[in-house]
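Working through the structure, step by step
Letter by letter, the chains look like this.
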Amino acid sequence: MTRDPFVAHRSLLFTVAYEMLGSAADAEDVLQESWLRWADVDRSQVRDSRSYLVRLVTRQALNRLRTVSRRREDYVGEWLPEPLLTSPDVAEDVELAESVSIAMLTVLETLGPTERAVFVLREVFELPYGEIAEVIGKSAATVRQVARRAREHVAARRPRVRVSRSEQQAVVERFLSALRTGQLQDLMEVMAPDVVLVTDGGGVVPAALTPIHGVELVAPILARAHTLVAAFDTTPVWLNGEPAGRIEIDGEPSAVSLVVEDGRVTRIHVVRNPRKLTRLDEPAELSR
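Bear in mind that the values here come from a model prediction, so they are computed numbers and not experimental data.

Here we look at the pattern of salt bridges
In the structure shown here, the tally under the stated rule is 21 salt bridges. One salt bridge connects Arg151 with Glu123, and the closest N-O pair in it is separated by 3.0 Å. Residue Arg151 is found in helix H9 (residues 140-157), and its partner Glu123 is found in helix H7 (residues 113-124); the two are separated by 28 residues along the sequence. With relative accessibility at 32%, the residue Glu123 sits in the partly exposed group. In this structure, a network of salt bridges that share partners links the residues Asp26, Asp29, Glu33, Arg64, Arg71, Arg72, Glu109 and Arg116.

What to know about the packing of helix H8 (residues 129-136) against H9
Any two packed helices are characterised by the angle at which their axes cross and by the distance between the axes. Running from N to C, H8 and H9 point in directions that differ by 95°, and their axes come no closer than 9 Å. Taken together, H8 and H9 sit at an angle that is classed as roughly perpendicular. For the pair H8 and H9, contact is made by Tyr129, Ile132, Ala133 and Ile136 and by Ala140, Val143, Arg144, Ala147 and Arg151, respectively. Residues of the contact of H8 with H9, tallied by class, amount to seven nonpolar, no polar and two charged.

A few points about the packing of helix H2 (residues 10-21) against helix H3 (residues 24-39)
Where H2 meets H3, the closest approach of the two axes is 8 Å, and the angle between their N-to-C directions is 125°. Relative to H3, the element H2 is oriented oblique. In this structure, H2 meets H3 at a crossing whose hand is right-handed. Every residue of H3 that contacts H2 at Arg10, Leu13, Phe14, Ala17, Tyr18 and Leu21 is listed here: Ala24, Asp26, Ala27, Glu28, Val30 and Leu31.

As for the nonpolar core
Grouped together as the largest cluster of nonpolar side chains are 53 residues, with contacts concentrated most on Phe14, Met20 and Leu108. Every element with two or more residues in this core is listed here: H2, H3, helix H4 (49-72), helix H5 (94-100), helix H6 (102-108), H7, H8 and H9. Every residue in contact with Phe14, bar those within four places of it in the chain, is listed here: Ala24, Ala27, Glu28, Leu31, Leu84, Arg279, Glu285 and Leu286. By size, the runner-up hydrophobic cluster in this structure holds 27 residues, among which are Ala178, Ile249, Val260 and Val265.

Side note on the sheet that holds strand E5 (residues 252-261)
Strand order in the open sheet formed by six strands is E2-E1-E6-E5-E4-E3, and the pairing between neighbours is mixed. Each edge of the sheet is formed by a strand with only one pairing partner; in this case those strands are strand E2 (212-213) and strand E3 (232-239). Here E5 runs beside strand E6 (residues 264-271); their pairing, made up of seven bridges, is antiparallel. Directly across from Leu258, in E6, lies its bridge partner Ile268. Most of the contacts of helix H10 (residues 165-181) go to E3, to which it runs at about 165°, and overall it touches strand E1 (191-200), E3, strand E4 (242-249), E5 and E6. Contacts between helix H12 (residues 215-225) and the sheet are confined to E1, E2, E3 and E6, with E1 contributing the most and set at about 55° to the helix.

Rules of the game
- Residues numbered from 1 in each chain as written.
- Predicted model: local features only at pLDDT ≥ 70, side-chain atom pairs only at ≥ 80, totals over all residues.
- Heavy atoms only, no water.
- Salt bridge = Lys/Arg side-chain N within 4 Å of Asp/Glu carboxyl O.
- Helix = DSSP H or I, 4+ residues; strand = E, 2+ residues; numbered from the N terminus.
- Buried < 20%, exposed > 50% of the residue type's maximum accessible area, 1.4 Å probe, protein only.
- Axes fitted to C-alpha atoms, helices over the stretch in contact; angles between N-to-C directions.
- Parallel < 35°, antiparallel > 145°, perpendicular 65-115°, else oblique.
- Contact = heavy atoms within 4.5 Å.
- Nonpolar A, V, L, I, M, F, W, Y, C, P; charged D, E, K, R; others polar.
- Left-handed = near helix turned anticlockwise from the far one by under 90°.
- Core = buried A, V, L, I, M, F, W, Y, C linked by side-chain atoms within 4.5 Å.
- Pairing = 2+ DSSP bridges.

Here you go:
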């Protein structure tokens, strides 16, 4: 018996919702809502189930995004996307890995809901403008304009230089080693002078409420981290399709994602909010 198309395409549908929302929990809720709607659809009228389901999930994600965007305005401190443990295989699809990276999802947070939907559907999943127009309720001509603005917006904010996975992995391992030992000089050497540290505690655990700029401020803070707790350890892992790190602080996990340019760390994203760290033990299934 052939599997239901929704089940067959579930990893794709989850990826669409996650890229729209930056939250696995919200993405799962969207999939649940979409499944209930799909159950009422007359399948005999659906010519392309994959395309139909992508549009269905996107509509639900767009509704959810408009709701959570207002909620995130009241979030305590900096809001970062929910990190996902991924297998190294995800990195083999370079475009998928870049689209789900913490750095890219952070950039997508600066787009409005409609711009984000158009960008994700067009640039990542390559849907035709006409199909995107059906999803967002605008003309194809308008969608083209929105797509152009979104591309320009993202291009101006994404990392300037793409690095190889091997280079990313080497820099991440150097950073984690320096962080674990608290060697100030090693930390300063692996970070760019204008490095930015962003931490997300969600008001639940201690974290800086605003970004910290410059290696002269960031390095001493990180160098002291291991001395302030009873147990501190770092482990290289793959998060969101990229080499990253898992930090254990007195037995509680945190996730660290790095942006690397020219062999140095230019941006550090640390997620400490425990509500966002429930996906660090089982690899997420992502696909395009």
